[in-house]
There are 4 protein chains.
Amino acid sequence: MILFILKEGADPRELKERLASVSASWKEVSLYGMSLILAWPDEYAAKVSDQSVVSKVKTTKPYPLASNEWKEKTLVEVGNVEIGGKRVVVAAGPCAVEDEQQVVETAQAVKRAGAALFRGGAYKPRTSPYSFQGLGEEGLKLLRRAGDEAGLPVVSEVVDPRDLPAFKGKTDMLQIGARNAQNFQLLKDVGRIGLPVLLKRGMGNTVEEWLLSAEYLLSEGNGRVVLCERGIRTFERSTRFTLDVGGMVVARQSTHLPVGADPSHPAGRRELVHALTLAAVAAGADLVIVEVHPNPERAKSDSEQQLTFDSFRLLMNRVTALAKAIGRDI
Amino acid sequence: MILFILKEGADPRELKERLASVSASWKEVSLYGMSLILAWPDEYAAKVSDQSVVSKVKTTKPYPLASNEWKEKTLVEVGNVEIGGKRVVVAAGPCAVEDEQQVVETAQAVKRAGAALFRGGAYKPRTSPYSFQGLGEEGLKLLRRAGDEAGLPVVSEVVDPRDLPAFKGKTDMLQIGARNAQNFQLLKDVGRIGLPVLLKRGMGNTVEEWLLSAEYLLSEGNGRVVLCERGIRTFERSTRFTLDVGGMVVARQSTHLPVGADPSHPAGRRELVHALTLAAVAAGADLVIVEVHPNPERAKSDSEQQLTFDSFRLLMNRVTALAKAIGRDI
Amino acid sequence: MILFILKEGADPRELKERLASVSASWKEVSLYGMSLILAWPDEYAAKVSDQSVVSKVKTTKPYPLASNEWKEKTLVEVGNVEIGGKRVVVAAGPCAVEDEQQVVETAQAVKRAGAALFRGGAYKPRTSPYSFQGLGEEGLKLLRRAGDEAGLPVVSEVVDPRDLPAFKGKTDMLQIGARNAQNFQLLKDVGRIGLPVLLKRGMGNTVEEWLLSAEYLLSEGNGRVVLCERGIRTFERSTRFTLDVGGMVVARQSTHLPVGADPSHPAGRRELVHALTLAAVAAGADLVIVEVHPNPERAKSDSEQQLTFDSFRLLMNRVTALAKAIGRDI
Amino acid sequence: MILFILKEGADPRELKERLASVSASWKEVSLYGMSLILAWPDEYAAKVSDQSVVSKVKTTKPYPLASNEWKEKTLVEVGNVEIGGKRVVVAAGPCAVEDEQQVVETAQAVKRAGAALFRGGAYKPRTSPYSFQGLGEEGLKLLRRAGDEAGLPVVSEVVDPRDLPAFKGKTDMLQIGARNAQNFQLLKDVGRIGLPVLLKRGMGNTVEEWLLSAEYLLSEGNGRVVLCERGIRTFERSTRFTLDVGGMVVARQSTHLPVGADPSHPAGRRELVHALTLAAVAAGADLVIVEVHPNPERAKSDSEQQLTFDSFRLLMNRVTALAKAIGRDI
């Protein structure tokens, strides 16, 4: 596709007419404060010039807006936290919000240990209809309170576009989970919301499909997207999923968006979480998600993979040392 | 879980009190005209008896309602077509509805060749935001008209719960696609609708997860569910996906619901569709989906895998001969 | 690569000189009673002509000799049995040879039921060093005796080139198993032996790699090769492996060699074997392998997937009906 | 299985008699200077005691000798290099030996940069019979010369038991490649040789199968085994294979043997090698293999994934910094 970046305040009408005159199709997107026109097919659109255009880029990837063929690395701000820069951002918290004490304690503990974001699930997509489905809006309120008390911005997963109003004001970043990574309706709706998005890779999705899911968000005008590898489905079952470190690196080399990893879900067992977190950071993750619970064995979901406060503190020490060794902060 | 089947018209209150008295949890479901109570944990619930109960079944699968531990094979009626019986039901039609002529012609052609259901996509979940996204409600109207003229019940995919009102009256069966196979919100909403459901397996989902997705539908009271294998993600890329015939057979041996296959998507290429369709039927598929287009090379989506009318007619001859050889009709 | 087919009795020296003069590389192979010269790179070799050449074929596949770009379907004869023709060849027998009575009884039973080949393992590649490793040469002798008494040619697996002398005279067809599918030394040695070969696909190999393993055999001059799909490694674990019917069809469309399937190993459980066998035959398998044991529950290996005599007889009835319906014999 | 560790110099005859008297089976192994008797089934063998026994361990894994249920971490010495200790051992060199200058230059360069072992391929297992198959014994001689001049022990792959005599004296460590990971005949023969072994994981093998392949070596008396993860086959094809960091960690937690990784093969492209190497080291790899070539673009095999000398030097700096940060040396 051909990406036209317009001059500030320029009127795109003439450009569109010129595209129409060569039978090209286009899509207009407002992104990162810029007016953009994506046009195709290439052989027609490439010939078009217009005085409204600052720059014209021929993109070769199926995800032109998410690709780094036209833009330097994007920094995504969540509250006062910047993702995609020198700092390795650690988002920590319980898999599911269970009660006030649990979230408040956990937020305090992860803050003390050095986490930058507080993450917890209020709406839980569960494989079985008989599993705990989350506290819903009540959970979002508890997260907000716990995050505010600890001084941490809050990340939580949305599973239904109709819940989006409930997230406003209570959440600083929306997560789209692996099972909804190709729920394109949800992507479109979240793309129209001003909140930053943490977009997980689907367990059966290629890197290209993952970036195309990000493209759905960007093409709706939301460029505040952080990609998150969380393990893919492979024949190996001694881990819950296979953390695809290589895929994460390919994504980082293909997009201007920050890319991180969730080592907790592929681990599936506490004793693997440290090693996988360190691997992700060493390979360049801009963000890592770690599940932490005051008493993992009593957790209502994913009890096997959540860390205790002590174990998380130890992990943060290890991540900090490693981040410095590779020229990053934490 | 323990499944209590109640006497017709019986009052479940006393049973619930007895379950409460042993600290068991339960869920009440109305399914197949029966009142059911699912209760757990087993060690508590198993001890409970009540005069309201006709039958008490200890289920061992995580999907008690979908499992065949309590029920003989279910027949799902779609219009005048019965799925799950002796007949191998062929659902055919274009990947996407494009215009009236296309759907009307195709419906006539597949009807003449012996198809039992007309299937076409009005709302298309596409990997790329720049691909044709379907005609939406207008497409549903065209499908209805084409199906009515040909005398075929209509199947079409729903991708957003908010679109469900548009499907009422226009569609005889709802399809839930592979990418939404774990969109649990959509499953819950479709579970509350009276329409039969064709539930595809997610490309990264195990057989057990697929049956758990069906359980979402059943636990909301919709038992008119047909499962559909459509290929899983594997390392082999000479086919678009790997049709998991073995997984389909395992599903058939595990559930009372009809189980079918979509050989078109895993094939990804026309010349493989015949062989995969025959394989699915030979392995016991209750339904097969075949994509047919008047002019596949001009199709707006999946042009590589749609059959011409001639090729479909030939396939129907082959499927008919095979079905008879294994003691089924078409 | 460019494939030169030479006139009968022609002297290839001049052709080689011409190839040398344009800096092309070549390999000389004697196959199917023909003298062949494979030469590359294409841009040089394509220009060469010579009076010794009957036909010059530009092959586009990485496996020129195995591809069907130059040759019609090959029939492989094993004793009096022809593989690759109208007949669906069933090779049956125990996973492992255990004792004389077992093999003799099984050979008689599978013969009576209509099997064309008797197959049993004397050298067993086992995942664990503590599992039964087979009877070795003694097992080959028992197979021979049982096959002769029943009037069935014998197929058995070779795992080490140094064992090849023991197979001579005792076996009519050599099997190369999935774990040795890329044991290129073994392939080269077996390629130099006159016996027909049943080449299984490796559980982690693509269709292309599988055909390249066949190419090793053909490029050593052995063209009597039958390919056998036996299930690949995928995330699905409700079956032992995933029978890749689509991959088998792609292989059949790419090679002149017969292509078959082993439904027993991917099934891993007796109750799946019938359905997978029928699927393979419906999709066009030229050969199917079925494991049969007089008393499967006492078998020393793979006891879960071997059929009883009764079950095998029933399967043969079903396969026969199906084969006729698709225009084949058994 | 029950593992009996015998007193030094003790006579095992009485123990064997006692095992026989309870109908237990056993296997005698001499490993790490110890006399061991493995006996099964557990319910019989566990009852047996004997004065010759120092220690009796009930192992629960299918790979009793490789498991860490009975032994602390093993250090494997290759020349003067110890694998499995505090040091992260880097084995570097070209994918294939091509000529003397290439190997001598590369050995010098990797030595200067800090590599501990020199690795190169003389016998190359290639997917295609038409690819460069290696220089064979001549290659081994060149490796020896280059290693000696640089002062580095030499590692090279063996693909055929009949080649083992050629390796004696020329190689300090034998590699068993991914494609031979379940070539059990080769494993048995290599198990009887005194040389240390670098055992790669098969691309389609589970962690358990990989450890069972090691068990083949150990059960033949060779305990000097280093395991090496090298990427598994998954649906993701933007990398050549998927480096299974999680599987490597599981292996390290399951065995007393050192465990390393080969990041070059899964990367498949130079620009991914750094990140994957750092990930492997961060996750605890005892050894990493890096392919280095004086002029990668002209390499006769795997040219896409070999590093230049400069890139390797930079990688060593990064690995060194990282190793220190996690409490290891290089």
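Residues numbered from 1 in each chain as written. Chains lettered and ligands numbered in written order. Predicted model: local features only at pLDDT ≥ 70, side-chain atom pairs only at ≥ 80, totals over all residues. Heavy atoms only, no water.

If you check an unreviewed UniProt entry, chain A appears there as 3-deoxy-7-phosphoheptulonate synthase from Sulfodiicoccus acidiphilus.

Under the UniProt annotation, "domain: DAHP synthetase I/KDSA" (unreviewed entry) lies at residues 80-317 of chain A. Structurally, residues 80-317 of chain A comprises 37% helix and 15% strand, and the distance from its first C-alpha atom to its last is 22 Å. (UniProt positions renumbered as here; feature names shortened; annotations may be inferred. Helix = DSSP H or I, 4+ residues; strand = E, 2+ residues; numbered from the N terminus.)

Turning our attention to the nonpolar core. The biggest cluster of nonpolar side chains holds 182 residues, and the ones touching the most others in it are Phe312 of chain B together with Phe312 of chain C. Here phenylalanine 312 of chain C is in contact with Val90, Ala92, Val110, Ala113, Ala115, Val290, Val292 and Leu307 of chain C, once residues within four sequence places are set aside. (Core = buried A, V, L, I, M, F, W, Y, C linked by side-chain atoms within 4.5 Å. Buried < 20%, exposed > 50% of the residue type's maximum accessible area, 1.4 Å probe, protein only. Contact = heavy atoms within 4.5 Å.)

Once that is clear, we can look at the relation of the copies chain B and chain C. Here chain B sits on chain C after a turn of 180° about the axis and a move of 0.0 Å along it, with an RMSD of 0.0 Å. The relationship between the two copies is best expressed as a two-fold rotation axis. When each C-alpha of chain B is compared by its distance to the rotation axis, alanine 279 of chain B comes out closest, at 2.0 Å. Interface overlap between copies: 100% of the residues of chain B at the interface are likewise at the interface in chain C, consistent with a symmetric, same-surface contact. (Least-squares fit on C-alpha atoms with pLDDT ≥ 70 in both.)

A separate point is the state of the cysteines. Residues and elements named next belong to chain A. Counting across every chain of the model gives zero disulfides over all chains. There is no disulfide at cysteine 95, and the cysteine sulfur nearest it, in cysteine 228, is 13 Å away. A relative accessible area of 2% places cysteine 95 in the buried class. (Disulfide = S-S within 2.5 Å.)

Evaluated as defined, the whole model comprises 16 aromatic pairs over all chains. With a centroid separation of 6.5 Å and an interplanar angle of 40°, the aromatic rings of tyrosine 32 of chain B and tryptophan 70 of chain B are classed as tilted. Of the two residues, tyrosine 32 of chain B is situated in the loop between β2 (25-31) and β3 (34-40) and tryptophan 70 of chain B in the loop between β4 (53-58) and β5 (76-78); the sequence distance between them amounts to 38 residues. Since its relative accessible area comes to 28%, tyrosine 32 of chain B is described here as partly exposed. Classification of tryptophan 70 of chain B as buried rests on a relative accessible area of 12%. Taken together, a centroid distance of 4.7 Å and an interplanar angle of 25° make the contact between phenylalanine 184 of chain D and tyrosine 216 of chain D stacked. Note that phenylalanine 184 of chain D is positioned in helix α6 (residues 184-191) and tyrosine 216 of chain D in helix α7 (residues 207-219), a separation of 32 residues in sequence. (Phe/Tyr/Trp six-rings, centres within 6.5 Å; stacked < 30°, edge-to-face > 60°.)

Moving on, we get to the relation of the copies chain B and chain A. Aligned on chain A, chain B shows an RMSD of 0.0 Å; the corresponding rotation is 180° and the shift along the axis is 0.0 Å. When the interface residues of chain B are mapped onto chain A, 100% of them again lie at the interface, so the same face is used by both copies.

Moving on, we get to the packing of helix α10 (residues 270-282) of chain A against helix α10 (residues 270-282) of chain D. Between α10 of chain A and α10 of chain D, the least distance of the axes is 7 Å, while the angle of their chain directions is 155°. When the axis of α10 of chain A is compared with that of α10 of chain D, the two are roughly antiparallel. Along this stretch, α10 of chain A crosses α10 of chain D, giving a crossing that reads as right-handed. Within the contact between the two elements, α10 of chain A uses Leu278, Ala279 and Ala282 of chain A and α10 of chain D uses Leu278, Ala279 and Ala282 of chain D. Of the residues contributing to the contact of α10 of chain A with α10 of chain D, the split by class is six nonpolar, no polar and no charged. (Axes fitted to C-alpha atoms, helices over the stretch in contact; angles between N-to-C directions. Parallel < 35°, antiparallel > 145°, perpendicular 65-115°, else oblique. Left-handed = near helix turned anticlockwise from the far one by under 90°. Nonpolar A, V, L, I, M, F, W, Y, C, P; charged D, E, K, R; others polar.)

On the chain A side, the residues contacting the 36 residues of chain B number 36 residues. Broken down residue by residue, the surface that chain B buries against chain A is led by Thr127, Tyr130 and Arg162 of chain B, which jointly contribute 23%. If you look at where chain B meets chain A, you find four salt bridges. The closest approach of N and O atoms between aspartate 189 of chain B and arginine 162 of chain A, which form a salt bridge, is 2.6 Å. Across the chain B-chain A interface, the total number found is 18 residue pairs in polar contact (both at pLDDT 80 or more). Counting only elements with at least two residues in the side of chain B that touches chain A, the list comes to α6 (184-191) and α7 (207-219) of chain B. The greatest single-element share of the side of chain B that touches chain A, amounting to five residues, is contributed by α7 of chain B. For the side of chain B that touches chain A, a count of residues per class yields 14 nonpolar, 11 polar and 11 charged. (Buried area = accessible area lost by both parts, 1.4 Å probe. Salt bridge = Lys/Arg side-chain N within 4 Å of Asp/Glu carboxyl O. Polar contact = N/O pair within 3.5 Å; in protein donor to acceptor, adjacent residues only side chain to side chain.)

Now for the sheet that holds strand β3 (residues 34-40) of chain D. All names here are of chain D. Read across the sheet, four strands follow the order β2-β3-β1-β4 without closing on themselves; strand pairing throughout is antiparallel. This sheet does not close on itself; its edge strands, each paired only once, are β2 (25-31) and β4 (53-58). Strand-to-strand, the axes of this sheet are offset by a mean angle of 20°, without reference to chain direction. Where strand β1 (residues 2-6) meets β3, four bridges bridge the pair, whose relative direction is antiparallel. In the sheet register, isoleucine 2 faces β3, and the bridge partner there is alanine 39. (Pairing = 2+ DSSP bridges.)

Here we come to helix α1 (residues 13-21) of chain D. Residues and elements named next belong to chain D. Among the residues of α1, those classed as buried are Leu15, Lys16 and Leu19. Angularly, the buried residues of α1 cover 100° about the axis, an arc narrow enough to put them on a single face. Residues of α1 that are exposed and point over 90 degrees away from its buried face: Arg13, Glu17 and Ser21. Where α1 is buried, its residues touch β1, β2, β3, α2 (42-45) and β4. In the stretch just after α1, serine 23 is the one whose phi turns positive, near 65°. (Arc of directions from axis to C-beta.)

All names here are of chain B. Here four strands make up an open sheet; going across it, the order is β2-β3-β1-β4 and the pairing antiparallel. Each edge of the sheet is formed by a strand with only one pairing partner; in this case those strands are β2 and β4. For this sheet, the mean angle separating the axes of adjacent strands, direction not counted, is 20°. Pairing geometry for β2 and β3, over seven bridges, is antiparallel. If you follow tryptophan 26 over to β3, its bridge partner there is alanine 39.

Next up on the list: the interface of chain B and chain C. Accessible area lost when the parts come together is the quantity often used to give the size of an interface. Opposite the 35 residues of chain B that make contact, chain C presents 35 residues. Of the roughly 2,500 Å² buried between chain B and chain C, counting both surfaces, carbon and sulfur atoms make up 72%. Linking chain B to chain C there are two salt bridges. One salt bridge in this structure joins arginine 201 of chain B and glutamate 236 of chain C, with 2.7 Å as the shortest N-O distance.

Another aspect to go through is the environment of alanine 181 of chain B. Residues and elements named next belong to chain B. The residue alanine 181 is located in the loop between β10 (173-176) and α6 in this model. Exposure remark for alanine 181: the relative accessible area of 2% places this residue in the buried category. Linking alanine 181 and glutamine 133, residues 48 residues apart in sequence, is a C-alpha distance of 19 Å.

Now for the domain arrangement of chain A. Residues and elements named next belong to chain A. Domain annotation of chain A identifies domain 1 (2-58) and domain 2 (76-325). In this structure, domain 1 and domain 2 have C-alpha centres spaced 36 Å apart. Contacts between domain 1 and domain 2 engage six residues on the former and eight residues on the latter. The contact between domain 1 and domain 2 buries some 450 Å² in all, and 59% of this surface belongs to carbon and sulfur atoms. When the buried area of domain 1 at its contact with domain 2 is split by residue, Lys27, Leu31 and Tyr32 rank highest and sum to 73% of it. At the boundary of domain 1 and domain 2, one finds one residue pair in polar contact (both at pLDDT 80 or more). For the side of domain 1 that touches domain 2, the element with the highest residue contribution is strand β2 (residues 25-31), accounting for four residues. (Domains from an automatic or database assignment.)

Next up on the list: helix α3 (residues 100-113) of chain C. Residues and elements named next belong to chain C. Across its 14 residues, α3 extends 20 Å between first and last C-alpha, which sits within 8% of the 20 Å expected from 1.5 Å per residue. When we look at burial in α3, the residues that qualify are Gln102, Val103, Val104, Thr106, Ala107, Ala109, Val110 and Ala113. Here the buried face of α3 lies against β7 (89-93), β8 (117-119), α4 (137-150) and α11 (309-325). By the N-cap criterion, in which a side-chain oxygen at the helix start approaches the backbone nitrogen of a residue two or three places on, α3 is capped by aspartate 99, the distance to glutamine 101 being 3.2 Å. One or two positions beyond α3, positive phi appears at glycine 114, with a value near 115°. (Expected span 1.5 Å × (residues − 1).)

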